[in-house]
Amino acid sequence: MDKIRKIVEEIKEKGEFPSALNHAIAGYCDTLTAYAEECDTIVEFGVHQVCSTWALFLGNPKKMDSYDINDCPVEYAKKLSSEYGVEFTFHKKNSLTCDIPFCDLLFIDTDHKYSHLLAELTRHSTKVKKYIILHDTTLFKEQLVDAYRDFLAGLTHPDGFQWAIKEIADPIDSRSGRGGAGLTVLERKEK
Ligand SMILES: C[S@@+](CC[C@H](N)C(=O)[O-])C[C@H]1O[C@@H](n2cnc3c(N)ncnc32)[C@H](O)[C@@H]1O
């Protein structure tokens, strides 16, 4: 994982969150990697600059499926994943209509609107065994916090499990002294 570790260190180094949206993931790489380390199978929604993809890769999953509605620059990620034995597939698909495989962790960083996130959580949460991680929950809190709270409040799973908030991460950037874009981790609880 040395090459991937180097890429993640570069992403963290370049991070200028929260002003630069493109680097908004930089402050959360360690958190993403730590949760990924507990997981064999990962699904990612929202690939864009491949930053979160690399941070999740560093957790050394066995299998990772990444989805984006647009083309994303994943060629190097594909090459390194095969070098490191990670089964990685990029899907150019809409998270609102695609079907995902069962997974341990679902990371969501797509369109930060209430109805969009609620629809993603409602459609896919039954396929997720451990964690759902939501990015930008501080930056877009008016939309996203209501969406995941309504998801949690409306849950009636026949399978007998629940989702609960495990962690809300909003670290202060050491350079700017400002808070980050926000990351919320939901954990599946068996009843
Ligand atoms: C904020 S960027 C993701 C940043 C990425 N996590 C990173 O670290 O570089 C949001 C991405 O979500 C994608 N997106 C928006 N709506 C989507 C949808 N319905 N299904 C799949 N991807 C979507 C966009 O094309 C965009 O690439």
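The structure presented is a predicted model; accordingly, all values stated were derived computationally and were not measured.

(A) Seen up close, the overall build of the chain. What the chain contains, in helices and strands, is six helices and seven strands. Relative to its 191 residues, the chain shows a buried fraction of 40%. Across the chain, every contact between residues at least 6 apart in sequence was considered, and the portion connecting residues at least 24 apart equals 65%.

(B) View of the nonpolar core. Trp54, Leu105 and Ile133 are the most contacted members of the largest nonpolar core, which has 48 residues in total. If we ignore the near neighbours within four places in the chain, the residues touching tryptophan 54 are Ile4, Ile7, Val8, Ile11 and Ala77.

(C) Quick peek at the site of the ligand. Taken together, 19 residues lie around the ligand, and Gly46, His48, Gln49, Cys51 and Ser52 are the ones closest in. Counting only elements with at least two residues in the shell around the ligand, the list comes to helix 3 (51-57) and strand 2 (63-68). Residue composition of the shell around the ligand, by class: eight nonpolar, eight polar and three charged.

(D) Layout of the sheet that holds strand 3 (residues 87-92). Reading across from one edge, 3-2-1-4-5-7-6 is the order of the seven strands in this open sheet, with mixed pairing throughout. Each having just a single partner strand, strand 3 and strand 6 (161-169) make up the two edges of the open sheet. Taking each pair of neighbouring strands and ignoring which way they run, the sheet shows an average axis angle of 15 degrees. Here strand 2 runs beside strand 3; their pairing, made up of six bridges, is parallel. Bridge pairing in strand 3 links aspartate 65 to threonine 89. Packed onto the sheet, helix 5 (residues 114-124) meets strand 1 (41-45), strand 4 (103-108) and strand 5 (128-135) and runs at close to 170 degrees relative to strand 4.

(E) Expanded view of the environment of glutamate 10. Structurally, glutamate 10 is set in helix 1 (residues 2-14). Measuring from C-alpha to C-alpha, the distance between glutamate 10 and cysteine 51 comes to 9.9 Å, with 41 residues separating the pair along the chain.

(F) Just helix 2 (residues 29-37), in detail. Looking only at helix 2, the buried set comprises Cys29, Leu32, Thr33, Tyr35 and Ala36. Buried positions in helix 2, seen along its axis, are confined to an arc of 165 degrees and lie on one side of it. Residues of helix 2 that are buried in the fold lie against helix 1, strand 1, helix 3, strand 4, strand 5 and strand 7 (183-190).

(G) A look at the packing of helix 5 against helix 6 (residues 141-153). For the pair helix 5 and helix 6, the least separation of the axes is 8 Å and the interaxial angle reads 35 degrees. In the crossing of helix 5 with helix 6, the sense of the turn from one axis to the other is right-handed. Residues Tyr114, Leu117, Leu118, Leu121 and Thr122 of helix 5 pack against Gln143, Leu144, Asp146, Ala147, Tyr148, Asp150 and Phe151 of helix 6. Per-class residue counts for the contact of helix 5 with helix 6 are eight nonpolar, two polar and two charged.

(H) View of unusual backbone geometry. The phi angle at histidine 48 is positive, at roughly 40 degrees, despite the residue not being glycine. Unusually for a residue other than glycine, valine 50 sits at a positive phi of about 70 degrees. Checked against the element boundaries, valine 50 lands in the loop between strand 1 and helix 3.

(I) Seen up close, the environment of threonine 137. Its place among the elements puts threonine 137 in the loop between strand 5 and helix 6. Each C-alpha atom, one on threonine 137 and one on aspartate 170, is 8.9 Å from the other, the two residues being 33 residues apart in sequence. Ignoring any residue separated from it by four or fewer positions in sequence, one finds threonine 137 in contact with Leu144, Val145, Gly182, Leu183 and Thr184.

Basis of the calculations
- Residues numbered from 1 in each chain as written.
- Predicted model: local features only at pLDDT ≥ 70, side-chain atom pairs only at ≥ 80, totals over all residues.
- Helix = DSSP H or I, 4+ residues; strand = E, 2+ residues; numbered from the N terminus.
- Buried ≥ 20, exposed ≤ 12 C-beta atoms within 10 Å, placed from the backbone.
- Contact = placed C-beta atoms within 7 Å.
- Core = buried A, V, L, I, M, F, W, Y, C linked by C-beta atoms within 7 Å.
- Near = placed C-beta within 6 Å.
- Nonpolar A, V, L, I, M, F, W, Y, C, P; charged D, E, K, R; others polar.
- Pairing = 2+ DSSP bridges.
- Axes fitted to C-alpha atoms, helices over the stretch in contact; angles between N-to-C directions.
- Arc of directions from axis to C-beta.
- Left-handed = near helix turned anticlockwise from the far one by under 90°.

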